[in-house]
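# Remarks on the overall topology
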Amino acid sequence: MTLLLVSAVAFELEPTTKLLAAAGVPHSVATLGIGALEAAKSCHRIASLSEHKHVIFMGTCGAFRGFQQPTVYRIRQVHWVPTGERLGQAYTVKDTAPPLTLSRHNPLYDDLPSADAVCSPAISTTAELPEGFQIKPPVLENLELYSVAAEIQAVAQSFTALLTTTNAIGKEAHNQWRNNFKPAAELTAVEVAERQQRG
C-alpha cells in the first residue's frame, strides 16, 4: 500500500510519521500551508503526488456543538460555507461550490465516528447556525479540506479525510486549540498507525 499523508503543516503529521516509521509502514508526506488560499495554491502539486496512492488528509477542526475533548472524525462530506454566508450576510454564486462527498475513503477507517465539515476562508468566532441549517450534525469547521478534496479524490486510489476536534468554535477557540493541538495530533497518530498496521 502506497500511503501519502497530507496536512496543512508538518507538526500535525509528525506523531503519525514517527509511529508509522517505528512500525515499518512506508509512507510519504506533503503539506499544503495554512488556510484555504494556501491550500488552493498547493492543490495541483498535491494532486500530482496523490496519483494511485492511499491518501489521508489529517487536520484539526473546531466543533459547532458539544466539544469536550479531542475526537478523531472521518469526514463524509465537505461544504464550502463562509461564515458570512452561514449567517445570512453573503452568498456564494449558485453551483460554484457544490458539496463534496468523500465516497472513496479507505474502509480501514469505517469504524471511526463520521461528521460533515464546513470550510471557509477564515476561522469563525461564532458557532451560530441558522434555523433549518441543512448539514447533518455533527458539523466541524476546517480551513483547508475543501480546497483540495475534489482533485485528490479524482486521482488517488483512496482518499480519507480525518479531522480531530481541538476546540469549540467561538471567542476562546484559539486558546483551546493551543492547549489541544498536540494531544489531537497524537490521538490521530494512534488511530492511523493502528489501522495501517492492521491493513
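Description of the structure in this document. (Residues numbered from 1 in each chain as written. Predicted model: local features only at pLDDT ≥ 70, side-chain atom pairs only at ≥ 80, totals over all residues. Heavy atoms only, no water.)

Turning our eyes to something else, we now look at the pattern of salt bridges. Applying the stated rule across the entire model yields four salt bridges. The salt bridge involving R76 is made with D116; its shortest N-O contact spans 2.7 Å. Highlighted residues: R76 in strand β4 (residues 72-80) and D116 in strand β6 (residues 114-119), separated in sequence by 40 residues. D116 carries the same exposure label as R76, and that label is buried. Residues joined in a network through salt bridges with shared partners are D111, E191 and R195. (Salt bridge = Lys/Arg side-chain N within 4 Å of Asp/Glu carboxyl O. Helix = DSSP H or I, 4+ residues; strand = E, 2+ residues; numbered from the N terminus. Buried < 20%, exposed > 50% of the residue type's maximum accessible area, 1.4 Å probe, protein only.)

The next thing to look at is the pairing of strand β3 (residues 54-63). Counting buried positions over the 10 residues of β3 gives 10, a clear majority of the element. Burial of β3 is two-sided: the residues H54, I56, M58, T60 and G62 facing one way and the residues V55, F57, G59, C61 and A63 facing the other way are all buried. In this sheet, β3 lies alongside strand β1 (residues 3-7) in parallel orientation, the contact comprising four bridges. Looking across to β3, one finds that L5 is bridged to I56. (Pairing = 2+ DSSP bridges.)

One finds F57, I75, V78, L102, L140, L145 and F159 to be the most contacted residues of the largest nonpolar core, which totals 31 residues. For this core, the elements supplying multiple residues, two or more each, are β1, α2 (36-50), β3, β4, β6, α4 (145-155) and β8 (158-168). Per-element accounting of this core gives the leading share, five residues, to α4. With sequence-adjacent residues up to four places away left out, F57 is seen in contact with V6, L32, N142, E144, L145, V148, F159, T160, A161, L162 and L163. Of all hydrophobic cores here, the second largest spans 14 residues; its members include L3, I56, L112 and L162. (Core = buried A, V, L, I, M, F, W, Y, C linked by side-chain atoms within 4.5 Å. Contact = heavy atoms within 4.5 Å.)

Next up on the list: the packing of aromatic side chains. Throughout the structure, instances matching the rule amount to four aromatic pairs. Between W80 and Y146, the aromatic rings sit 5.9 Å apart at their centres with planes inclined by 45°, giving tilted as the arrangement. On the criterion of sequence distance, the pair formed by W80 in strand β4 and Y146 in helix α4 is long-range, its members being 66 residues apart. In textbook terms, an aromatic cluster arises when at least three aromatic residues are bridged by ring pairs, as seen for F11, W177 and F181. (Phe/Tyr/Trp six-rings, centres within 6.5 Å; stacked < 30°, edge-to-face > 60°.)

Note that all results are geometric; they support no functional claim without further evidence.
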